[in-house]
Amino acid sequence: MGKNIVILNGSPRKNGNTSALIKAFTEGAESAGHSVTTFFLDGMDIHGCKGCFGGHSSRECPCVQRDDMARIYSAVKDSDVVVLATPLYYWNMSGQLRTAVDRLFALEEGDGNLLRGHNRSSALLMAAEGHGFEDVLLYYNHLMEHLRWENLGHVLAGGNGDVGDIEGKPELQQAYNLGKSI
């Protein structure tokens with residue numbers, strides 16, 4: 001039986017190098033019979049977390065804010081796998097992805113924790129001009145530990161500054177293989 005995969009695309013470029021990794025991953029996952037839903041975060045209206053602790057996980061929209069996160073909450077609640085995809089910005093994930101990840105906290109609040117555990121797993125796809133992935137990997141590994149999600153691995157594609165630089169590079173095949181392996 002196929003798994004339900006949600007991809008959070010934190011790149012501001014709809015057709016950039018991160019999107020190429022997502023495309024390869026998706027092709028691999030779909031070839032293995034999985035269902036994939038991708039959210040292009042830069043095209044969505046997502047506000048920053050208010051830190052109000054007013055969320056309630058059992059509500060249809062667990063956060064007190066009403067924006068496009070409502071679509072993501074329902075998809076993540078129904079997911080088996082959440083893929084975080086982002087360019088490397090100052091040794092971390094993009095602001096678009098960090099904002100969405102911060103807002104997922106509402107699924108941990110209130111009547112029950114619908115985020116941590118639940119036999120969920122995750123993978124990380126990243127493209128970057130440079131190669132300094134150590135800090136973001138430390139953050140990602142801590143996040144997986146906190147969420148109690150199985151870490152399925154990552155594809156880190158350095159040396160890709162301009163759109164299209166990733167074409168023909170082995171990281172695309174690695175992303176395909178990671179998607180297929182789920």
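**Student:** I'm lost on the sheet that holds strand E4 (residues 121-127) in this one. Help?
**Tutor:** Strand pairs in the sheet, formed through backbone hydrogen bonds, run parallel or antiparallel to each other. Spatially, 5 strands are ordered E2-E1-E3-E4-E5 in an open sheet, and the strand pairing comes out parallel. Either end of the sheet is taken by a strand with one partner, and the two such strands are strand E2 (35-40) and strand E5 (150-157). The sheet shows a mean angle of 15° between the axes of neighbouring strands, taken without regard to direction. The sheet strands contacting helix H1 (residues 17-31) are strand E1 (4-9), E2, strand E3 (81-87), E4 and E5, and the helix crosses E1 at an angle near 175°.

**Student:** Even after reading the chapter, I still don't get the pattern of salt bridges, so can you show me in this structure?
**Tutor:** Two side chains of opposite charge can pair, provided their charged atoms sit close to one another. Here the structure, examined in full by the defined rule, presents 4 salt bridges. The salt bridge involving Glu27 is made with Lys23; its shortest N-O contact spans 4.0 Å. A residue pair is termed a helical-turn pair when its members lie 3 or 4 positions apart in one helix, as Glu27 and Lys23 do in helix H1 at 4 residues. On the accessibility criterion, Lys23 (55% relative accessible area) is exposed. In this structure, the salt-bridge partner of Arg116 is Glu108, at a minimum N-O distance of 2.7 Å. By relative accessible area, which is 25% here, Arg116 ends up partly exposed. On the accessibility criterion, Glu108 (14% relative accessible area) is buried.

So, how was this worked out
- Residues numbered from 1 in each chain as written.
- Predicted model: local features only at pLDDT ≥ 70, side-chain atom pairs only at ≥ 80, totals over all residues.
- Heavy atoms only, no water.
- Pairing = 2+ DSSP bridges.
- Helix = DSSP H or I, 4+ residues; strand = E, 2+ residues; numbered from the N terminus.
- Axes fitted to C-alpha atoms, helices over the stretch in contact; angles between N-to-C directions.
- Contact = heavy atoms within 4.5 Å.
- Salt bridge = Lys/Arg side-chain N within 4 Å of Asp/Glu carboxyl O.
- Buried < 20%, exposed > 50% of the residue type's maximum accessible area, 1.4 Å probe, protein only.

Just distances and angles here, no functional claims.
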